[in-house]
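# Remarks on the overall topology
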Amino acid sequence: LSDSDVTGLLAQKVDVLDMIQMYGSGPQYLGFLLETSRWGTRPYLGATLLPSLVEPLPVLGRTFRESSGPVIYNEMIYGNPNIFDQVLPFSGEMFLNFQVFGVLAGFSFLGAVAFGLQRGFEQAAGALEIYIWQYTAMWVLFLIIGSISVVTQILFYFFWPIYFYCGVRKR
């Protein structure tokens, strides 16, 4: 941003507050979801969870993509399954599937996961393991504001060095 030309271009093209609200799951997007789904009167009963989990994976995800939470959410917004640019927050997906109970259960599960990640962090044997636990916690707990698909994408595309390290360490 030290280049004034780049700063000017960004100022004209990008509204930073809109970007934060859009990709940080602003409350108005969750409100739209609740209203459009008629407050979960017809819950999906978990039908979107596996598709949302595997949707970002190459080949495997393609077969599940049409029934994933993000595709359903984008179709609610645009009325067209081919436009796919909004992210369905974890809380919204849990509500679509199991109503309020789903949100409570989902965040209870995240609390248990956070506890396990903290225990691993506290018991880490060295700096690299501390970093791995912290990095993992940051991305997995992104579900607080993010989506299942985004976390799966991060775990699939960016965690290969960590998987390799854990595999070598187990030997």
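Here's a quick rundown of the structure. (Residues numbered from 1 in each chain as written. Predicted model: local features only at pLDDT ≥ 70, side-chain atom pairs only at ≥ 80, totals over all residues. Heavy atoms only, no water.)

Here the focus is the overall build of the chain. In terms of regular secondary structure, the chain is built from 10 helices and zero strands. Scanning the chain from its N terminus toward the C terminus, one meets helices and strands in the order α-α-α-α-α-α-α-α-α-α. The dimensions of the chain, computed from C-alpha atoms along their principal axes, are 50 × 50 × 30 Å. Looking at the chain residue by residue over its 171 residues, the buried ones come to 32%. (Helix = DSSP H or I, 4+ residues; strand = E, 2+ residues; numbered from the N terminus. Buried < 20%, exposed > 50% of the residue type's maximum accessible area, 1.4 Å probe, protein only.)

Here we take up the nonpolar core. F90, M94, L110, L143, I148 and V151 form the largest nonpolar core, which has six residues in total. Of all the elements in the fold, those that place two or more residues in this core are helix 7 (90–122) and helix 9 (148–157). Top contributing element to this core by residue count: helix 7, with three residues. Residue contacts for L110: discarding those within four places in its chain leaves F90, V140, L141, L143 and I144. One finds I132, Y135, F159 and I162 within the second-largest nonpolar core, a separate group that totals five residues. (Core = buried A, V, L, I, M, F, W, Y, C linked by side-chain atoms within 4.5 Å. Contact = heavy atoms within 4.5 Å.)

Across the interface, helix 7 lies against helix 8 (residues 127–140) with an axial gap of 9 Å and an inter-helix angle of 165°. One element, helix 7, and the other, helix 8, form an angle in the roughly antiparallel class. The handedness of the crossing between helix 7 and helix 8 comes out as left-handed. Seen from helix 7, the contacting residues are L110, V113, G116, L117, G120 and F121; seen from helix 8, they are I130, W133, Q134, T136, A137 and V140. (Axes fitted to C-alpha atoms, helices over the stretch in contact; angles between N-to-C directions. Parallel < 35°, antiparallel > 145°, perpendicular 65-115°, else oblique. Left-handed = near helix turned anticlockwise from the far one by under 90°.)

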